[in-house]
Amino acid sequence: MIGWMQKHRKYLVITIWVSTIALVGASVVGWGVYSFSSASNSVAKVGDTKISIQKMQQEYSRLYNLYNQITGGGLDEEQAQKLGIQEQAINNLIYKTLMLNYARDLGLLVQKEEIIQELSKMQDFYVNGKFSKEVYLKTLEENNLKAKDFEESIYESLLLQKLGVLLDIPLTPLEIDMLRNAYFTEDRVSIKILDEKQIEFNPKEEEIKKYWEENKDIYQTQRGYELEIITLMPQDVKYTQEALEKYYNDFKNQFLDAQGQIIPFKDAKEQVQKAYQDSQAQKEALKQYIALRKAKEPMGEVVKIYEKEEDYKKYDNLINLLSQAKEGDTLKPTLTPQGYVSAKIKKIIPSVPKAYEEAKKDASMDYIKMQKNKMLEKMAQEQIANFANIQSKDIGFVGRDYSKEIAGLSLDETQEFISKLFMASKKEDYILLENKAILYAIKEQRSKNSDIISKNLDFLIQSGTKIKQQLVEGELLNELSKIYKITKYQ
């Protein structure tokens, strides 16, 4: 939080402005299972500072909008409750209030002139190059905000900026030296690769069944949907030469060549035909959707589809929309490989544990995989104890930025091995990958040449400083939570 503020100070007030009016964009959203006392008008208290319901609603709306964008506009109140957005909103405000309390107790101040200066930077309130108080107050009124509350949010952001300056703790020379050694050191390594393919394991029937019984909740049938659907393929739409020519003349700017010039009708006819059929299919599918939604009697085809690969190939993102809907809903036309599909959900078929015979194949594969992993690790433990006497391969010097494939490993496996190698604390040991174990011994170390270090050290110091700030802020929040009593009202 503080680190971000330091880096983006000039955008901070704009961010506060967007966050403050986020309630408007979220429309009317429920507030979950919490029941707040109208007498206290608060959701929490940090020290002597109360967090109002209004602030929680604004923060909730900001987070709701954010998650809604991530999910492509498919978020509803029930999903928001499952995600715990309300609890997250309250916690965000508690963390912020802890910092504000600490800033005030340190004696940090924000003068009225500083708030006015920040307001004067907001171009949203300007008319003809000058700040307009009338536009300012009207804009706030349109968004159900009071000037006092908005200016308080600016006051808080400026106060947090000042606290951020105090928490801007640079790396010490010793920490820089440690980073240099950690990131610019190369190891000369000898390795031996053990592969699961070398291991033979044939389980008994009773072993597989016992494994399935202990893990049967893992092996579920796929969730499904019984639907009444109406499908319309764009290529089935009838057309005439006259209709195509009219469509072309109305939308000719859509048919451009590589140089941005309009393609003549005779050359663009095939494109025009597809675009016309698609536009007409959309219109007709929308009519079908309305009829399906209002229909009291069946009017479409009844099908069952499941959340499995074959059905995803046929119905594409329709299944994603179904997963967010409920029984009785009618979904608007969705373009799938089957055409435009309007669907009414007659029944949701829940996922349930499979019977043993259904799950046997998958359970057997998982059990064999688990046992082979155990046997592979045991083999690695036995051989690493005698690494000096086994045949290994010297792969030369490797660093954190090693980008080649090691013989016997894929590129992904190589990168995973290198990453784990530089987090290891032993000179000789083994590293487990998904299907392999790699025995290693570090023979010697060296530093990269000074040119490489000088080119990259500044970036490394910046990254290290950010990490240190995050750690400091985390520890500070832990301590502040002990100093300022936190109470949540429910």
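Residues numbered from 1 in each chain as written. Predicted model: local features only at pLDDT ≥ 70, side-chain atom pairs only at ≥ 80, totals over all residues. Heavy atoms only, no water.

A. Quick peek at the overall build of the protein chain. Each helix and strand counted, the protein chain has 18 helices and 13 strands in total. In the protein chain, which comprises 490 residues, the share counted as buried stands at 38%. Roughly 29700 Å² of accessible area belongs to the protein chain as shown, and the carbon and sulfur atoms make up 50% of that amount. (Helix = DSSP H or I, 4+ residues; strand = E, 2+ residues; numbered from the N terminus. Buried < 20%, exposed > 50% of the residue type's maximum accessible area, 1.4 Å probe, protein only. Areas by Shrake-Rupley, 256 points an atom, 1.4 Å probe, with all protein chains shown as cover.)

B. Just the pattern of salt bridges, in detail. For the coordinates displayed, the defined rule picks out 21 salt bridges. With a shortest N-O distance of 3.8 Å, Glu-307 and Arg-223 are connected by a salt bridge. Pair noted here: Glu-307 is in the loop between β7 (301–306) and α14 (309–315) and Arg-223 is in the loop between α11 (205–214) and β6 (224–232), with a separation of 84 residues, a long-range link. For Asp-250, the salt bridge is made with Lys-246, and the minimal N-O distance between the two is 3.0 Å. (Salt bridge = Lys/Arg side-chain N within 4 Å of Asp/Glu carboxyl O.)

C. Representation of the packing of α11 against helix α16 (residues 356–384) within the structure. Taken N-terminus to C-terminus, the directions of α11 and α16 make an angle of 100 degrees; their axes are 9 Å apart at the nearest point. By the angle class used here, α11 and α16 are roughly perpendicular. Side by side, α11 and α16 meet where Glu-205, Glu-207, Ile-208, Lys-209, Tyr-211 and Trp-212 of the first sit next to Tyr-356, Ala-359, Lys-360, Ala-363, Ser-364, Asp-366, Tyr-367 and Met-370 of the second. A per-class count over the contact of α11 with α16 returns eight nonpolar, one polar and five charged. (Axes fitted to C-alpha atoms, helices over the stretch in contact; angles between N-to-C directions. Parallel < 35°, antiparallel > 145°, perpendicular 65-115°, else oblique. Contact = heavy atoms within 4.5 Å. Nonpolar A, V, L, I, M, F, W, Y, C, P; charged D, E, K, R; others polar.)

D. Here's a closer look at unusual backbone geometry. One non-glycine residue with positive phi stands out, namely Asn-128, at about 55 degrees. Along the chain, the position of Asn-128 falls in the loop between β3 (126–127) and β4 (130–131). With a relative accessible area of 79%, Asn-128 lands in the exposed category. Although it is not a glycine, Asp-316 sits at a positive phi angle of roughly 50 degrees.

E. Focus on the packing of aromatic side chains. Within the structure shown, the criterion is met by 14 aromatic pairs. With 6.2 Å between their ring centres and 85 degrees between their planes, Tyr-126 and Phe-131 make a pair best called edge-to-face. The partly exposed category is assigned to Phe-131, whose relative accessible area is 32%. Between the aromatic rings of Tyr-211 and Tyr-367, the centroid separation amounts to 5.5 Å while the plane-to-plane angle is 50 degrees, which identifies the pairing as tilted. (Phe/Tyr/Trp six-rings, centres within 6.5 Å; stacked < 30°, edge-to-face > 60°.)

F. Structural context of the environment of Leu-227. Its location among the elements puts Leu-227 in strand β6. Taking relative accessible area as the criterion, Leu-227 reaches 1% and is therefore assigned buried. Sequence separation between Leu-227 and Ile-345 is 118 residues; the distance between their C-alpha atoms is 4.8 Å. Once residues lying within four places of it in the same chain are set aside, the contact partners of Leu-227 are Glu-301, Val-302, Val-303, Ile-305, Leu-322, Ala-343, Lys-344, Ile-345 and Lys-346.

G. Spatial organisation of the nonpolar core. Among the nonpolar cores identified, the biggest contains 40 residues, and Leu-119 and Phe-150 are the most heavily contacted of them. Elements represented by at least two residues in this core include exactly β1 (42–46), α4 (53–70), α6 (85–105), α7 (112–119), α8 (133–142), α9 (147–166) and α18 (450–483). Phe-422, Ile-438, Tyr-440 and Ile-442 belong to the second largest nonpolar core, which has 16 residues in total. (Core = buried A, V, L, I, M, F, W, Y, C linked by side-chain atoms within 4.5 Å.)

H. View of the sheet that holds strand β2 (residues 49–52). Across the sheet, three strands lie side by side as β2-β1-β13; this open sheet has antiparallel pairing. The sheet is open, and its two borders are formed by β2 and β13 (486–488), each paired with just one other strand. Across the sheet, the mean angle from the axis of one strand to that of its neighbour is 20 degrees, orientation sign disregarded. Bridge count between β1 and β13: three bridges; the pairing is antiparallel. By the bridge assignment for β13, Lys-45 is matched with Thr-487. Strands in contact with α4 are β1 and β2; relative to β2, the strand with the most contacts, it is inclined by about 55 degrees. Along the sheet, α6 contacts β1, β2 and β13; its crossing angle with β1, the most-contacted strand, is approximately 35 degrees. (Pairing = 2+ DSSP bridges.)

I. How the structure looks around helix α12 (residues 241–251). Buried within α12 we find Ala-243, Leu-244, Tyr-247 and Tyr-248. Projection of α12 onto a plane perpendicular to its axis shows the buried side chains occupying an angular sector of 135 degrees, all on one side. Exposed side chains of α12 directed beyond 90 degrees from the buried face belong to Glu-242 and Lys-246. Taken together, the buried residues of α12 touch α13 (265–294). (Arc of directions from axis to C-beta.)

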